[in-house]
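One-letter residues, chain by chain:
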Amino acid sequence: MFKLCVDYLRLTLFCCGLLIGIQVPAVVDQYEKRINAQLSEAQTILSGFQQTAERYFQGDIHALLKHYELSKDDVFRHDAQNIRYITERVTFLEAEQRMLLQSEIHRVFHVLVTPERETFNETMKHYSHMILIDLQALVWGVLFGFLSATLVEGILHVLGYCVMCLKPHKHKDNL
């Protein structure tokens, strides 16, 4: 009976890992879509300032920014902070987008380990779980299923071994 329970536990762990792993490509996809949408929005906002830079500063947005920062007008100096923020945001989002153009392993690692936290949290907040039936999702699912079942079973074996080692042994006295 105990072996049957252990076998079902192993199967359950594999299935849970499989279902979690199947979600990985969808999470990466949703995160990538959010990054692309944010980049598009930031570029749209920056485009008006870029047009001004084209017209007056040969396209150099940093020259426009410096002009705003050195202005005696408080409104322009305050707008310089906004321009700087938008420029930095576009640069950051472009770098994030480049990270998501790498191989599948790099993309998954990046999104699960080193994403832009605010965007990742927003992605997870609005994420709706789904079961994708494609090769990529199945590979991640089987991988997660195997790893979770193997990891938990390994931990249980180590704990069982430790318990066996801690049990007091009965010694026969030789007379």
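Residues numbered from 1 in each chain as written. Predicted model: local features only at pLDDT ≥ 70, side-chain atom pairs only at ≥ 80, totals over all residues. Heavy atoms only, no water.

Participant: Before we move on, could you go through the pattern of salt bridges and cite the residues and values that matter?
Facilitator: Inspection of every chain in the model, using the stated rule, returns 8 salt bridges. Residues Glu69 and Arg84 are paired through a salt bridge, measuring 2.3 Å at the closest nitrogen-oxygen approach. Taken together, the residues span a long stretch of sequence, with Glu69 in helix α2 (residues 61–70) and Arg84 in helix α3 (residues 74–99) at a distance of 15 residues. Glu69 sits in the partly exposed class, given a relative accessible area of 33%. (Salt bridge = Lys/Arg side-chain N within 4 Å of Asp/Glu carboxyl O. Helix = DSSP H or I, 4+ residues; strand = E, 2+ residues; numbered from the N terminus. Buried < 20%, exposed > 50% of the residue type's maximum accessible area, 1.4 Å probe, protein only.)

Participant: Could you give an account of the packing of helix α1 (residues 2–56) against helix α5 (residues 117–125), naming the residues involved and the relevant values?
Facilitator: In contact at an axis separation of 9 Å, α1 and α5 are set at 125° when each is read in the N-to-C sense. Classified by the interaxial angle, the pair formed by α1 and α5 is oblique. Once α1 is placed against α5, the crossing between them reads as right-handed. For the pair α1 and α5, the contacting residues are Val27, Gln30, Tyr31, Arg34, Ile35 and Gln38 in the first and Thr119, Phe120, Glu122, Thr123 and Met124 in the second. The residue inventory of the contact of α1 with α5, partitioned by class, reads 5 nonpolar, 4 polar and 2 charged. (Axes fitted to C-alpha atoms, helices over the stretch in contact; angles between N-to-C directions. Parallel < 35°, antiparallel > 145°, perpendicular 65-115°, else oblique. Left-handed = near helix turned anticlockwise from the far one by under 90°. Contact = heavy atoms within 4.5 Å. Nonpolar A, V, L, I, M, F, W, Y, C, P; charged D, E, K, R; others polar.)

Participant: Account for unusual backbone geometry, naming residues and giving values.
Facilitator: Among all residues except glycine, the phi angle is most often negative; among peptide bonds, the trans geometry is most common. Positive phi values are uncommon outside glycine, yet Gln58 reaches one of about 50°. Relative to the elements of secondary structure, Gln58 occurs in the loop between α1 and α2.

Participant: Could you give an account of the environment of Ile155, naming the residues involved and the relevant values?
Facilitator: Topologically, Ile155 is positioned in helix α6 (residues 135–166). Distance from Ile155 to Ala26, taken between C-alpha atoms, is 29 Å for residues 129 residues apart in sequence.

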